[in-house]
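Each chain, letter by letter, is given below.
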Amino acid sequence: MRRLALAPVFLLAACGPGAPPPPPPASTVQPEPITYPDIKDNELYGAGCNFTPEGGGMSALALAQEGEAIIKVKGKIERIPADKKSQILPETARTRYLGPDRILLLAPLPDAKPTENGVVKTLATSLTIMDPLGRIQFFAKGVVQCKPM
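Our subject in this report is the structure included herewith. Quick caveat: nothing in here was measured; it's all calculated off a predicted structure.

1. Digging into the overall build of the chain
Counting its regular elements, the chain contains 2 helices and 9 strands. Start at the N end of the chain and walk to the C end: the helices and strands fall as α-α-β-β-β-β-β-β-β-β-β. Of all intrachain contacts in the chain linking residues separated by at least 6 positions in sequence, the fraction that spans at least 24 positions is 49%. Summed over all atoms, the accessible surface of the chain reaches about 9500 Å², with 60% contributed by carbon and sulfur.

Pasting the structure below:
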């Protein structure tokens, strides 16, 4: 009898508020190559690293500098401030950039060894772009070429 009396209590507990629904998936972002006219028109000069994806040609999808990272989305240049507490890559570039709309991460690939050709340092790296909630919008493996300017 006691078991039957407790059954409604368990049923009521099961009807209580459940876990919140999962957040919607992140929208994808396709960074576009940053061209020489983009660099010239927006004065994107300076020391840092340029990320080029595997098999993606020679144009950079991201410029990582001391104070900001630059990407191009839907034809517009976006500037993402550097996280000054993040690790430094060659030539003052950072591994993390935090903006109000995007997070950009540059991570050296495991066992990646930098190579040097004159003043240019190259390192196998991945590029991850996330929304402010940390949901991945873009990921690619490639290389960064870092140079002083």
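2. Focus: the state of the cysteines
The full count for this structure, using the stated rule, is 1 disulfide. Bridging Cys49 to Cys146, the disulfide has an S-S length of 1.9 Å. Disulfide Cys49-Cys146: the torsion about the S-S bond is 105°, which places it as right-handed. A residue pair is termed long-range when its members are at least 10 positions apart, and Cys49 in strand E1 (residues 48–53) and Cys146 in strand E9 (residues 136–147) qualify at 97 residues. Residue Cys146 is classed as buried on the basis of its relative accessible area, which comes to 1%.

3. Considering the nonpolar core
With 23 residues, the main nonpolar core has Phe51, Ile71, Tyr97, Leu104, Leu106, Leu127 and Val144 as its most contacted residues. When residues of this core are traced back to their parent elements, those giving at least two are E1, strand E2 (62–65), strand E3 (68–73), strand E6 (103–108), strand E8 (120–130) and E9. With 4 residues, the top contributor of residues to this core is E9. The residues touching Leu127, leaving out its near neighbours within four places in the chain, are Phe51, Ala62, Leu104, Leu105, Leu106, Phe138, Phe139 and Ala140.

4. Concerning the pattern of salt bridges
Side chains that differ in sign of charge can pair as their charged atoms come close. One pass over the full model with this rule turns up 6 salt bridges. Among the ionic pairs, Glu68 bridges to Arg79, the shortest N-O distance being 2.6 Å. Residue Glu68 is found in strand E3, and its partner Arg79 is found in strand E4 (residues 76–81); the two are separated by 11 residues along the sequence. Taking the shortest distance from any N to any O, the salt bridge between Arg102 and Glu78 comes out at 2.7 Å. Of this pair, Arg102 sits in the loop between strand E5 (96–98) and E6 while Glu78 sits in strand E4; the two residues are 24 residues apart in sequence, bridging distant segments of the chain. With a relative accessible area of 22%, Glu78 lands in the partly exposed category.

5. Let's talk about unusual backbone geometry
The residue Glu43 is not glycine, and still its phi comes out positive at about 50°. For Glu43, a relative accessible area of 63% gives the class exposed. Positioned with a positive phi, Asp111 is a non-glycine residue whose angle comes to about 65°. Locating Asp111 in the fold gives a position in the loop between E6 and strand E7 (115–117).

6. Some remarks on the layout of surface pockets
Left-over empty space is what a probe sized like a water molecule reveals as it rolls over the atoms. When its volume is computed, the largest pocket comes out at roughly 180 Å³. In terms of lining, the largest pocket is formed by 14 residues, of which the most central are Ile39, Leu44, Asn50, Lys147 and Met149. Taken together, the residues of the lining of the largest pocket break down into 9 nonpolar, 4 polar and 1 charged.

Conventions and cut-offs
Residues numbered from 1 in each chain as written. Predicted model: local features only at pLDDT ≥ 70, side-chain atom pairs only at ≥ 80, totals over all residues. Heavy atoms only, no water. Helix = DSSP H or I, 4+ residues; strand = E, 2+ residues; numbered from the N terminus. Contact = heavy atoms within 4.5 Å. Areas by Shrake-Rupley, 256 points an atom, 1.4 Å probe, with all protein chains shown as cover. Disulfide = S-S within 2.5 Å. Buried < 20%, exposed > 50% of the residue type's maximum accessible area, 1.4 Å probe, protein only. Core = buried A, V, L, I, M, F, W, Y, C linked by side-chain atoms within 4.5 Å. Salt bridge = Lys/Arg side-chain N within 4 Å of Asp/Glu carboxyl O. 1 Å grid on protein atoms, 1.4 Å probe; cavity = no way out; pocket = protein on both sides within 12 Å on 5 of 7 lines; lining within 4 Å. Points joined across faces, edges and corners; volume = space filled by probe spheres on them. Nonpolar A, V, L, I, M, F, W, Y, C, P; charged D, E, K, R; others polar.

Without other data, these values stay purely geometric and don't point to any function.
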